[in-house]
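# Observations on chain architecture
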Amino acid sequence: MAGVGQLHLGTPFLPSASIRGRSSGGGGSRRLTTRIQAKIREIFMPALSSTMTEGKIVSWVRAEGDKLSKGESVVVVESDKADMDVETFYEGYLAAIMVEEGDVAAVGSAIALLAETEDEIPLAKSQASSSSSPAASPPAAETPVPPSPSETAPEAVSSPPPSPKSSQAAVSSTHPASESGRRIVATPYAKKLAKDLKVELGSVAGSGPMGRIVAKDVEAAAAVAAAAAPVSSVPPKSISDSAAVKAPASPAIQLGTVVPFTTMQGAVSKNMVESLSVPTFRVGYTITTDALDSLYKKIKSKGVTMTALLAKATALALTKHPVVNSSCRDGKSFTYNSSINIAVAVAIDGGLITPVLQDADKVDIYSLSRKWKELVDKARAKQLQPHEYNNGTFTLSNLGMFGVDRFDAILPPGTGAIMAVGASQPTVVATKDGRIGVKSQMQVNVTADHRVIYGADLAAFLQTLAKIIEDPKELTL
Amino acid sequence: MQASLSLPPAAPRSDPGPAVFRRSAFRFCGLRREALGLRSLRPAGSTRIFRSPARTPSRKTVTAVSGNGIGSLSKGFDYDLVIIGAGVGGHGAALHAVEKGLKTAIIEGDIVGGTCVNRGCVPSKALLAVSGRMRELQNEHHLNALGLQVSSPGYDRQGVADHANNLASKIRNNLTNSLKALGVDILTGVGTIADTQKVTYGKVGFPDTEITARDIIIATGSVPFVPTGIEVDGKTVFTSDHALKLEWVPEWIAIVGSGYIGLEFSDVYTALGSEVTFVEALDQLMPGFDPEIGKLAQRVLINPRKIDYHTGVFAKKITPAKDGKPVLIELIDAKTKEPKYTLEVDAALIATGRAPFTKGLGLENINVVTQRGFVPVNERMQVIDASGNLIPHLYCIGDANGKMMLAHAASAQGISVVEQIGGTDNVLNHLSIPAACFTHPEISMVGMTEPQAREKAQQEGFEVSVAKTSFKANTKALAENEGEGLAKLIYRPDTGEILGVHILGMHAADLIHEASNAIALGTRVQDIKFAVHAHPTLSEVLDELFKSAEVNTGVSPPSVNEPVTV
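Just so you know, these numbers come straight off a predicted model, no measurement behind them.

Looking only at helices and strands, one finds 13 helices and 21 strands in chain A. Put simply, chain A shows about 22,300 Å² of open surface, and 56% of that area lies on carbon and sulfur atoms.

Looking now at the nonpolar core. The tendency in soluble globular proteins is for nonpolar side chains to be buried as a group. Residues and elements named next belong to chain A. If you look at the biggest cluster of nonpolar residues, it comprises 55 residues, and the most contacted ones within it are Val-324, Ile-342, Phe-394, Leu-396 and Met-419. Ranked by residues supplied to this core, first place goes to helix H11 (residues 306-320) with nine residues. Among residues more than four places away in sequence, those in contact with Phe-394 are Thr-314, Leu-318, Val-324, Asn-325, Asn-341, Ile-342, Ala-343, Ala-417, Ile-418, Met-419 and Phe-461.

Quick look at a nonpolar patch on the surface now. All names here are of chain A. A contiguous nonpolar patch, built from Leu-399, Met-401 and Phe-402 and spanning about 350 Å² of accessible area, is present on the exposed surface. Tracing the chain through its elements places Leu-399 in the loop between strand S18 (394-398) and strand S19 (417-421). Among the residues examined, Leu-399 registers a relative accessible area of 31% and is labelled partly exposed.

Another point: the packing of aromatic side chains. Residue and element names in this part refer to chain B. Counting across every chain of the model gives four aromatic pairs over all chains. Where Tyr-260 meets Phe-289, the ring centres are 5.7 Å apart and the plane angle is 35°; that geometry is what we call tilted. Taken together, the positions of Tyr-260 in helix H10 (residues 260-271) and Phe-289 in the loop between strand S10 (275-280) and helix H11 (291-302) put the pair 29 residues apart, joining distant regions of the chain. You can call Tyr-260 partly exposed: its relative accessible area is 30%.

A few words on helix H4 (residues 88-99) of chain B. Residue and element names in this part refer to chain B. The end-to-end C-alpha distance of H4, which contains twelve residues, comes to 17 Å, matching closely the 16 Å that a straight helix rising 1.5 Å per residue would cover. Counting buried positions along H4 yields twelve of twelve residues, so the element is predominantly enclosed. If you check which residues of H4 are buried, you get Val-88, Gly-89, Gly-90, His-91, Gly-92, Ala-93, Ala-94, Leu-95, His-96, Ala-97, Val-98 and Glu-99. Trailing H4 by a residue or two, Gly-101 shows a phi angle of about 85°, which is positive.

So, about helix H12 (residues 365-380) of chain A. Residue and element names in this part refer to chain A. Compared with an ideal rise of 1.5 Å per residue, which puts 16 residues at 22 Å, H12 spans 22 Å between its outermost C-alpha atoms and is within 8% of the ideal. All buried positions along H12 are accounted for by Ile-365, Leu-368, Ser-369, Trp-372, Leu-375, Val-376 and Ala-379. Looking straight down H12, one finds its buried side chains confined to an arc of 125°; they lie on one side. In this structure, H12 carries Arg-370 and Lys-373 as exposed residues pointing more than 90 degrees from its buried face. Looking at the buried side of H12, the elements it contacts are H11, strand S14 (342-344), strand S15 (346-348), strand S16 (351-353) and strand S17 (356-357). Capping the start of H12 is the job of one residue whose side-chain oxygen sits 2.9 Å from the backbone nitrogen of Tyr-366: Asp-364. Downstream of H12 by one or two residues, Lys-382 has phi in the positive range, about 55°.

All names here are of chain B. Chain-level pLDDT for chain B is 86 on average; 84% of the residues reach the 70-or-more range. Contacts of residues 1-72 to residues separated by more than four positions or lying in other chains number 107 contacts, the stretch itself having pLDDT below 50. Low pLDDT, under 50, characterises residues 558-566; the predicted model gives this stretch nine contacts beyond four residues in sequence or across chains. On the interface metric, ipTM, the complex scores 0.74, and its pTM is 0.61.

This part covers the sheet that holds strand S8 (residues 237-239) of chain B. One open sheet accounts for five strands, arranged S8-S15-S9-S10-S11 (chain B); its pairing is parallel. Strand pairing shows two members of the sheet lacking a second neighbour, S8 and strand S11 (307-311) of chain B, which therefore form its edges. On average, each strand axis in the sheet is inclined to that of its neighbour by 20°, with strand direction left out of account. When strand S9 (residues 252-256) of chain B meets S10 of chain B, the two strands line up parallel, connected through five bridges. Looking across to S10 of chain B, one finds that Trp-252 of chain B is bridged to Glu-275 of chain B. On top of the sheet, helix H4 (residues 188-197) of chain A reaches S9, S10 and S11 of chain B; it is set at about 100° to S10 of chain B, its chief contact. Its contacts with the sheet put H10 of chain B on S8, S9, S10, S11 and strand S15 (347-350) of chain B, and the angle it makes with S10 of chain B is roughly 165°.

Before going further, it helps to spend a moment on unusual backbone geometry. Look at the link from His-440 of chain B to Pro-441 of chain B: it is a cis peptide, with omega at 0°. Mapped onto the secondary structure, Pro-441 of chain B falls in the loop between strand S19 (435-437) and strand S20 (442-447). Cis geometry is found at the peptide bond from His-535 of chain B to Pro-536 of chain B, where omega equals -5°. Among the structural elements, Pro-536 of chain B can be located in the loop between helix H17 (525-528) and helix H18 (540-548). The residue Asp-359 of chain A is not glycine, and still its phi comes out positive at about 50°. In this structure, Asp-359 of chain A sits in the loop between S17 and H12.

On to the UniProt feature "domain: Peripheral subunit-binding (PSBD)" (unreviewed entry) in chain A, then. Residues annotated by UniProt as "domain: Peripheral subunit-binding (PSBD)" (unreviewed entry) correspond here to residues 185-222 of chain A. Structurally, residues 185-222 of chain A comprises 47% helix and 0% strand, and the distance from its first C-alpha atom to its last is 18 Å.

Backbone hydrogen bonds are what pair the strands of a sheet, in a parallel or an antiparallel way. All names here are of chain B. As summarised here, the arrangement of the three strands in space is S12-S13-S14, forming an open sheet in which the pairing is antiparallel. Edge strands, defined here as strands with exactly one partner in the open sheet, are strand S12 (313-319) and strand S14 (339-345). The average undirected angle you get between the axes of adjacent strands in this sheet is 25°. Sheet topology note: the strand S13 (residues 327-333)/S14 ladder contains six bridges and is antiparallel. Following the sheet pairing, Leu-328 is matched in S14 by Glu-344.

Here we take up the packing of helix H10 (residues 290-299) of chain A against H11 of chain A. All names here are of chain A. Remark: H10 packs on H11, axes separated minimally by 10 Å, with the N-to-C direction vectors making an angle of 130°. In this view, H10 runs oblique relative to H11, as classed from their interaxial angle. Crossing handedness for the pair H10 and H11: right-handed. Along the contact surface, H10 presents Leu-292, Asp-293, Leu-295, Tyr-296 and Ile-299, while H11 presents Met-306, Leu-309 and Leu-310.

All names here are of chain B. Counting across every chain of the model gives 36 salt bridges over all chains. The salt bridge partner of Lys-488 is Glu-292, with a shortest N-O separation of 2.8 Å. You can see Lys-488 sitting in strand S22 (residues 486-491) and its partner Glu-292 sitting in helix H11, a full 196 residues away along the chain. Here Glu-292 falls in the partly exposed class, since its relative accessible area comes to 26%. Notably, a salt bridge pairs Lys-488 with Glu-450, separated by 2.6 Å at the nearest N-O pair. On the criterion of sequence distance, the pair formed by Lys-488 in strand S22 and Glu-450 in helix H13 (residues 450-460) is long-range, its members being 38 residues apart. Given a relative accessible area of 18%, Glu-450 falls into the buried group. The network of salt bridges with common partners includes Asp-290, Glu-292, Glu-450, Arg-454, Lys-468 and Lys-488.

Here we take up the side chain of Ser-124 of chain B. Tracing the backbone through its elements, the reader meets Ser-124 of chain B in helix H6 (residues 121-138). A polar contact is formed between the side chain of Ser-124 of chain B and the side chain of Lys-125 of chain B, at a distance of 2.9 Å.

Turning our attention to the environment of Thr-236 of chain B. Residues and elements named next belong to chain B. Examined against the element boundaries, Thr-236 turns out to sit in the loop between strand S7 (222-224) and S8. For Thr-236, a relative accessible area of 12% translates into the label buried. In this structure the C-alpha to C-alpha distance between Thr-236 and Pro-250, which are 14 residues apart in sequence, comes to 8.6 Å. Thr-236 has contacts with Trp-248, Pro-320, Ala-321, Val-327, Asp-346, Ala-347 and Ala-348, leaving out every residue within four places of it along the chain. One polar contact links the side chain of Thr-236 to the main-chain amide nitrogen of Ala-321, over a distance of 3.0 Å.

The subject of this paragraph is the confidence of the model for chain A. Low-confidence regions, as indicated by low pLDDT, have predicted coordinates that should not be scrutinised in detail. Residues and elements named next belong to chain A. Taken as a whole, chain A shows an average pLDDT of 74; of its residues, 73% reach a score of 70 or greater. Low pLDDT, under 50, characterises residues 1-29; the predicted model gives this stretch 59 contacts beyond four residues in sequence or across chains. Here residues 132-181 scores under 50 on pLDDT; set against residues more than four positions off or in separate chains, the count is 55 contacts.

As recorded in UniProt, the feature "active site" (unreviewed entry) lies at His-535 of chain B. Classification of His-535 of chain B as exposed rests on a relative accessible area of 54%.

What counts, and where the lines are drawn
- Residues numbered from 1 in each chain as written.
- Chains lettered and ligands numbered in written order.
- Predicted model: local features only at pLDDT ≥ 70, side-chain atom pairs only at ≥ 80, totals over all residues.
- Heavy atoms only, no water.
- Helix = DSSP H or I, 4+ residues; strand = E, 2+ residues; numbered from the N terminus.
- Areas by Shrake-Rupley, 256 points an atom, 1.4 Å probe, with all protein chains shown as cover.
- Core = buried A, V, L, I, M, F, W, Y, C linked by side-chain atoms within 4.5 Å.
- Buried < 20%, exposed > 50% of the residue type's maximum accessible area, 1.4 Å probe, protein only.
- Contact = heavy atoms within 4.5 Å.
- Patch = residues over 30% accessible without salt bridge, like charges linked within 9 Å, V, L, I, M, F, W, Y side chains within 5 Å.
- Salt bridge = Lys/Arg side-chain N within 4 Å of Asp/Glu carboxyl O.
- Phe/Tyr/Trp six-rings, centres within 6.5 Å; stacked < 30°, edge-to-face > 60°.
- Expected span 1.5 Å × (residues − 1).
- Arc of directions from axis to C-beta.
- Polar contact = N/O pair within 3.5 Å; in protein donor to acceptor, adjacent residues only side chain to side chain.
- pLDDT = per-residue confidence, 0-100.
- Pairing = 2+ DSSP bridges.
- Axes fitted to C-alpha atoms, helices over the stretch in contact; angles between N-to-C directions.
- UniProt positions renumbered as here; feature names shortened; annotations may be inferred.
- Parallel < 35°, antiparallel > 145°, perpendicular 65-115°, else oblique.
- Left-handed = near helix turned anticlockwise from the far one by under 90°.

Here is the structure:
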């Protein structure tokens, strides 16, 4: 029966003694609690009722950069019982919002930063992004803002690539990318999904009527990007220091701890679970690579990589089997994709990403190799743009460099097939003339969506691929 | 309490099942005393049409048996009362006129029931009943929380459309039957006012019949308003008239206008799988609602659904789909008039409001000039002519006068007019007329919005307070797992007068009447808060709301001055 006006004001969940709260009359609003840290205060998720453990940000009444005076409503928080306006207890500028509208934060965790003066806003912003995880409970006290003046932290942080904020604006009233000349037509839900999944609509090909982008296109783009999407939202600040990039991956793993998923892990997890809804099957093939190896040796000096060769071979095989390059998204129809875009899985710190070699069937092997190098460099630097990782139509995954001789891959939702490539190894084989010889052979294993691609399709495709690889002159044409 | 056990004897129902506007028996609640007290604080003349309920049943019986024309006042006239238009307003007026013993005729050029029954509230409720269920069945999260498992819900479009159509014809038959049973003459044709107290009517191509009437009520209603530049083809660009037939479910539909009609259709279409884009000329969606309710509605009814919107823009030009091209909607900035964007969608629903239907009424014969199409009337619905004089014996009710374009408002106005004709002065308090939007969850309101109340308070120098309760704290709502919702009370802390009540939440449309009745009867917050509500029910949301209001005066003195027959 707790109505709005009757909420308890006790704050047993708040961690610090400096926290105060008081009711402001009958309106039922609460003062925000803040903790002094230099001159930047953290605004915490208040405890609006005795049973509240977490709160959802309904809406931010004020925007970043707004000047707040004492007692002003800043944010509307939804507790387990009601929605309440929450007021600030201090004067200052709302410097950085750390928990976006619609997100949930634990009681007592920081949801925004309040700067005392306007000058401190950039400082607060960088501080906010350094502890970007909304649930991060320990305040960023030990890791103050990067002090080195040479670092471009503030400006770098203030312009993160496609931040969720900018796409939010797109959802409400204007279409994005209209300035680039090409108008993007996307349905309301597609736009919403694009915002949620952080997919840039400009890079998505529409499959709806009149080429409009519909929800499934965005889902497919996000699925192909799999883990990639979050990468672009990592503040570039961390790129400048490669040690910082590695930092989260290697340092002492505390055994026995429970670690919440990072955004990337969350995205991967979601995609993997989603993949279970696609009925897949696998077909393997052993391909002799002697000819390919010798070709590789010959043109390696020209910068050609094995990945590019494999991508090219696959693309050429796909031109003859368009069904293997198709995709089924709604379970009722499927699309023969107009271009052959080979996505190649690359492991990066904390996940993987799938840079895409577009039109791999048409681009010559040298350009393709250059392109690949460029993509890999960008991927390592976490600078890949969405259109460079989310429009693959066929995926390659190669674990041969680890000596893995065979494995199978999970089909990324929204694509038709993925090929797992094992190591090429010298193998004793019986030849047709009855002799025994040694040939380099590798095993490939294709996972495909059986709703649209059947066993015979894959078998024929693999046969074509084997022919191309075993007689690779086509590759350098 | 005895009140709940002592319903008045049920009125014998002479009319075979007019499900809608039967007002045979007043229901009593714990507030009955207040209701009968007819609080004297109300300005004279603004009493609503509540007579002593104890007398109602017998009165009704008599009139039903006595039939038409007995005790008639129609000296030298064909009828006492002729009503032009058999919509809900005309029907309500006719029923009450018969009850008052007036010889009554109703002229209808189209079909009985008017917009509400045939092309409005009624069929849309059928569609919304479907959309509500679809929404529940599709909400896996919600179902799981209740422990339910439903696999792949689907719908048959024709079946849904039939349901809406069947409902409309059923209600239409009910209305027609109730009029016939009461002895109201239904005259078919377009009614035209020939002169004071003189009406002609007839079908197109046939000679008109002239009849005389002591009093005439215009109740011709309204039609969907289509702004210039919008080409309606009835297939890809259409109004609510076509949409209610649900001939197809577009994948992507733009809805021009985000008022009641647009909002309800967005609920229907998104439940049936469409994506919706709102086009709203004002800077915010749902401009007519209390801002706080509007904000919550946006959070509950817009943001989580497959809906986006463009606000502050006009649809300058809308071209239906043809030659393989989609529907094109050219948007311009509402203020600067600069082109903003062109939408390409599968369909466009024009829900920009309704325009009065007053053409062919012959208003020129009696020197009446419409204002934006509306028939000018005073607060007693008496028609005003071009020189500002009242035209005797001529009234206009409902959408045609534009005072409050709601079916039940038209009916209430009609009853008020009949009261006046019968010699009882009556002014309808429009602030007591509730309104509802049947989205899921529903929105309802009565009286003023908070900004309106504050403005009035400033002008007249009184204070305004606001109380709110959440559905999240209501047991029944939580049992239904429908805790999303808010009830808001706007009142005067000095007197306890209720200025407005706004509800968004489960069954809000049914909940509002406790508040609208309180406003109509002048019940104060400090009195109504003692009324008992069954537990656990949604009505406790209002109970809490009234209880949370803080009124500075004590309980008002007992208002029952005379014994009440039960």
